[in-house]
Amino acid sequence: AAQVEISPHQLAFRHATLRHGNTAIAFDLSAALQNRQFTDLTPLNGDFSMANADVADTLALAGLSYPATGIFDLTFRLSGTRSLPQGAGHLQLRRGTLYGRSIDSLSSDLILKGTQIQLNNLALALNGGKIDGAGTYDLASQAIQLNVQGKAFDLANIADLQRGRVRIDGTLDFQANGKGGGNVG
């Protein structure tokens, strides 16, 4: 359900709600129009939230194919223009898997600045350990930059480390900084 407003100068969806299974989506979106056209420079504003969304269903809906599962909540506020979008939000994942590896939880603040998506206050719990940090991905250049720290990973519980003749025990703490892909300077 939604209240829709259309004029030569504006398109708006107010109090929109969608439901599919346990997933609840709510949004308000407005965009200025120039002669009934949405252009790269016309302003847009919106609030978007998803609750109890299934990762696999959402990826399929977006036309993406990744071996990922789980349930997530997302809130996001969007502003700017189509050519220079701005936004901020928060993502929370629980009971997930990626490439067959369990993810207990993942949360991050999200910042959108033009073509860059920033993950701030990233917190990932898996395999008894925790990873904290931040990262940036540029949609245009496909460049990625990460700064993360990990603590308390029980090496005896990492199956790939236990396949050889020698069993590996202990805990792992690490710090990693990296960048790559695209046009990285």
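Residues numbered from 1 in each chain as written. Predicted model: local features only at pLDDT ≥ 70, side-chain atom pairs only at ≥ 80, totals over all residues. Heavy atoms only, no water.

## Some points on the sheet that holds strand β8 (residues 116–126)
Reading across the sheet, the 11 strands line up as β1-β2-β3-β4-β5-β6-β7-β8-β9-β10-β11 and stay open at both edges, with antiparallel pairing between neighbours. Edge positions in the sheet fall to β1 (3–6) and β11 (171–180), since each of these pairs with one other strand and no more. Between one strand axis and the next, the sheet turns through 10° on average, direction left out of account. As paired elements, strand β7 (residues 101–113) and β8 share eight bridges and run antiparallel to each other. By the bridge assignment, Ile111 is partnered in β8 with Gln118. (Pairing = 2+ DSSP bridges. Helix = DSSP H or I, 4+ residues; strand = E, 2+ residues; numbered from the N terminus. Axes fitted to C-alpha atoms, helices over the stretch in contact; angles between N-to-C directions.)

## A short note on the layout of surface pockets
In this structure, the largest pocket occupies an estimated 1700 Å³ of space. In terms of lining residues, the largest pocket is bounded by 43 residues, among which Leu59, Leu91, Leu106, Leu110 and Leu119 are the most central. When residues of the lining of the largest pocket are assigned to their parent elements, the largest contribution, seven residues, is made by β7. Split into classes, the residues belonging to the lining of the largest pocket amount to 32 nonpolar, 10 polar and one charged. (1 Å grid on protein atoms, 1.4 Å probe; cavity = no way out; pocket = protein on both sides within 12 Å on 5 of 7 lines; lining within 4 Å. Points joined across faces, edges and corners; volume = space filled by probe spheres on them. Nonpolar A, V, L, I, M, F, W, Y, C, P; charged D, E, K, R; others polar.)

## A short note on the nonpolar core
One finds Met50, Val55, Phe72, Leu93, Leu106, Leu124 and Ile131 to be the most contacted residues of the largest nonpolar core, which totals 20 residues. Secondary-structure elements contributing two or more residues to this core are β4 (44–54), α1 (55–61), β5 (68–80), β7, β8 and β10 (144–154). Leave out the neighbours within four places in its chain, and Met50 touches Thr23, Ala24, Ile25, Thr58, Phe72, Asp73 and Leu74. (Core = buried A, V, L, I, M, F, W, Y, C linked by side-chain atoms within 4.5 Å. Buried < 20%, exposed > 50% of the residue type's maximum accessible area, 1.4 Å probe, protein only. Contact = heavy atoms within 4.5 Å.)

## Regarding the pairing of strand β3 (residues 23–32)
In this structure, strand β2 (residues 10–20) lies alongside β3, joined through nine bridges in antiparallel fashion. The partner of Leu18 across the bridge, within β3, is Ile25. Alignment of β3 against β4, held across eight bridges, turns out to be antiparallel. Directly across from Ile25, in β4, lies its bridge partner Met50.

## Focus: the side chain of Thr42
Within the fold, Thr42 resides in the loop between β3 and β4. A polar contact is formed between the side chain of Thr42 and the backbone oxygen of Ala32, at a distance of 3.2 Å. There is a polar contact of 3.1 Å between the side chain of Thr42 and the backbone oxygen of Thr39. Among residues more than four places away in sequence, those in contact with Thr42 are Ala32, Leu33, Gln34, Gln37, Gly80, Thr81 and Arg82. (Polar contact = N/O pair within 3.5 Å; in protein donor to acceptor, adjacent residues only side chain to side chain.)

## A closer look at the environment of Asn45
In this structure, Asn45 sits in strand β4. According to the relative accessible area criterion, Asn45 is partly exposed, its value standing at 40%. With 15 residues separating them in the primary sequence, Asn45 and Ser30 have C-alpha atoms 5.4 Å apart. Leave out the neighbours within four places in its chain, and Asn45 touches Asp28, Leu29, Ser30, Leu78 and Ser79.

## Some thoughts on the pairing of strand β9 (residues 129–138)
Bridge count between β8 and β9: nine bridges; the pairing is antiparallel. Bridged to Ala123 within β9 is Asp132. Linking β8 to β9, which pair antiparallel, is a turn of two residues; within it Asn127 sits at a positive phi near 55°. Relative to β10, β9 is paired through eight bridges, and the arrangement is antiparallel. Residue pairing for β10: Asp132 is matched across the bridge by Gln149. Counting the residues between successive antiparallel strands, the hairpin from β9 to β10 contains five residues, one of them, Gln142, with a positive phi of roughly 60°.

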